[in-house]
Amino acid sequence: LLRDIDIAVQPGEVLGLLGPNGAGKTSLLRVLAGVLDVDAGETLIGGQQISSVSREDRARSIVYLAQDAEVHWPLSVASVVALGRLPHRRGIAALSPVDHDAIVQALTATQTLQLADRRLNTLSGGERMRVLVARMLATQADVLLADEPVTGLDPFFQLEFMDLFTNEAAAGRGVVLVLHDLALALRYCDRVVLLDDGQVV
């Protein structure tokens, strides 16, 4: 699927992954997240092989929003966003004040605070995506990986979310976004990687 790819994601930057359908963008994002193993080469985070980093530390360091992310239970929006705090909790421990603060910040940033008591399955597709991005932000990971996070959003929220991801980078996080909108990539990304047929072109 992927060949001869050598890229680095720096703290404080928004990196866009661009290319036609089937170019390997989603596969590369899954490799960066440690979800997809490589047959050759290595994937490093903080200088360590990603496979040698514990699942707990990896979950606190990297958060991945898949293109087809779904929640299959009729949970409230607040409960879905609270799932983003699981890497910071022990077992089924109650949410701490720090957890609550992170959840409220994420809901506020994505303008979903007013939806907190709604069931996820009652929301529109765009509202659901905003909630899933809120869950992502609640993790407060060092690296944010999102596969087409603004697809399906109206133009206002596309710009709002790109501003949000830019702010996350400004706070020192590395942000990698799969995008199809070249205008958004030009306006918001510090760098872009253009893929075609599994290679960087």
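Residues numbered from 1 in each chain as written. Predicted model: local features only at pLDDT ≥ 70, side-chain atom pairs only at ≥ 80, totals over all residues. Heavy atoms only, no water.

Chemist: Lay out the overall build of the protein chain with the relevant residues and their values.
Modeler: When helices and strands are counted, the protein chain shows 7 helices and 8 strands. Computed over its C-alpha atoms, the radius of gyration of the protein chain comes to 17 Å, within 12% of the 17 Å expected for a compact globule of 201 residues. In terms of principal-axis extent, the alpha carbons of the protein chain reach across some 45 × 40 × 30 Å. Going through the 201 residues of the protein chain one by one, you find that 45% of them count as buried. A sequence separation of at least 24 residues applies to 72% of the contacts in the protein chain between residues at least 6 apart. For the protein chain, the accessible area works out to roughly 10,700 Å², and carbon and sulfur atoms hold 51% of it. (Helix = DSSP H or I, 4+ residues; strand = E, 2+ residues; numbered from the N terminus. Rg over C-alpha atoms; globule rule 2.2 N^0.38 Å. Buried < 20%, exposed > 50% of the residue type's maximum accessible area, 1.4 Å probe, protein only. Contact = heavy atoms within 4.5 Å. Areas by Shrake-Rupley, 256 points an atom, 1.4 Å probe, with all protein chains shown as cover.)

Chemist: Give me the side chain of Ser27: which residues, what numbers.
Modeler: Tracing the sequence through the fold places Ser27 in helix α1 (residues 25-33). Take Ser27: its relative accessible area is 16%, and that puts it in the buried class. When near neighbours in sequence (up to four residues on either side) are disregarded, Ser27 contacts Leu1, Leu2 and Leu36.

Chemist: Provide a residue-level description of the pattern of salt bridges, including the pertinent values.
Modeler: Under the defined criterion, the tally for this structure stands at 5 salt bridges. Ionic pairing is found between Arg3 and Asp197, a salt bridge with its closest N-O pair at 3.6 Å. Taken together, the positions of Arg3 in the segment before β1 (14-18) and Asp197 in the loop between β7 (191-196) and β8 (199-200) put the pair 194 residues apart, joining distant regions of the chain. For Arg3, a relative accessible area of 36% corresponds to the partly exposed category. Arg85 is the partner of Asp99 in a salt bridge, and the nearest nitrogen-oxygen pair spans 2.8 Å. With Asp99 in helix α4 (residues 97-109) and Arg85 in the loop between α3 (77-82) and α4, the pair connects residues that are 14 residues apart, well separated along the chain. Just as Asp99 is buried, Arg85 falls in that class too. (Salt bridge = Lys/Arg side-chain N within 4 Å of Asp/Glu carboxyl O.)

Chemist: Give me the environment of Glu42: which residues, what numbers.
Modeler: For Glu42, the location among the structural elements is in the loop between α1 and β2 (44-45). In this structure the C-alpha to C-alpha distance between Glu42 and Asp57, which are 15 residues apart in sequence, comes to 18 Å. Within the structure, the side chain of Glu42 is placed 3.0 Å from the side chain of Gln49, a separation counted as a polar contact. (Polar contact = N/O pair within 3.5 Å; in protein donor to acceptor, adjacent residues only side chain to side chain.)

Chemist: Please give an account of the sheet that holds β7 that cites residues and values.
Modeler: Hydrogen bonds between backbone atoms are what pair the strands of a sheet, whose relative direction is either parallel or antiparallel. With respect to topology, 6 strands assemble into an open sheet ordered β4-β5-β6-β1-β7-β8, the strand pairing being mixed. Sheet topology places β4 (62-65) and β8 at the edges, where each strand pairs with a single neighbour. Taken together, the 4 bridges between β1 and β7 define a ladder with parallel strand orientation. Bridge pairing in β7 places Leu17 opposite Val193. In the packing of helix α5 (residues 125-138) onto the sheet, the strands contacted are β4 and β5 (143-147), and the crossing angle to β4 comes to about 170 degrees. (Pairing = 2+ DSSP bridges. Axes fitted to C-alpha atoms, helices over the stretch in contact; angles between N-to-C directions.)

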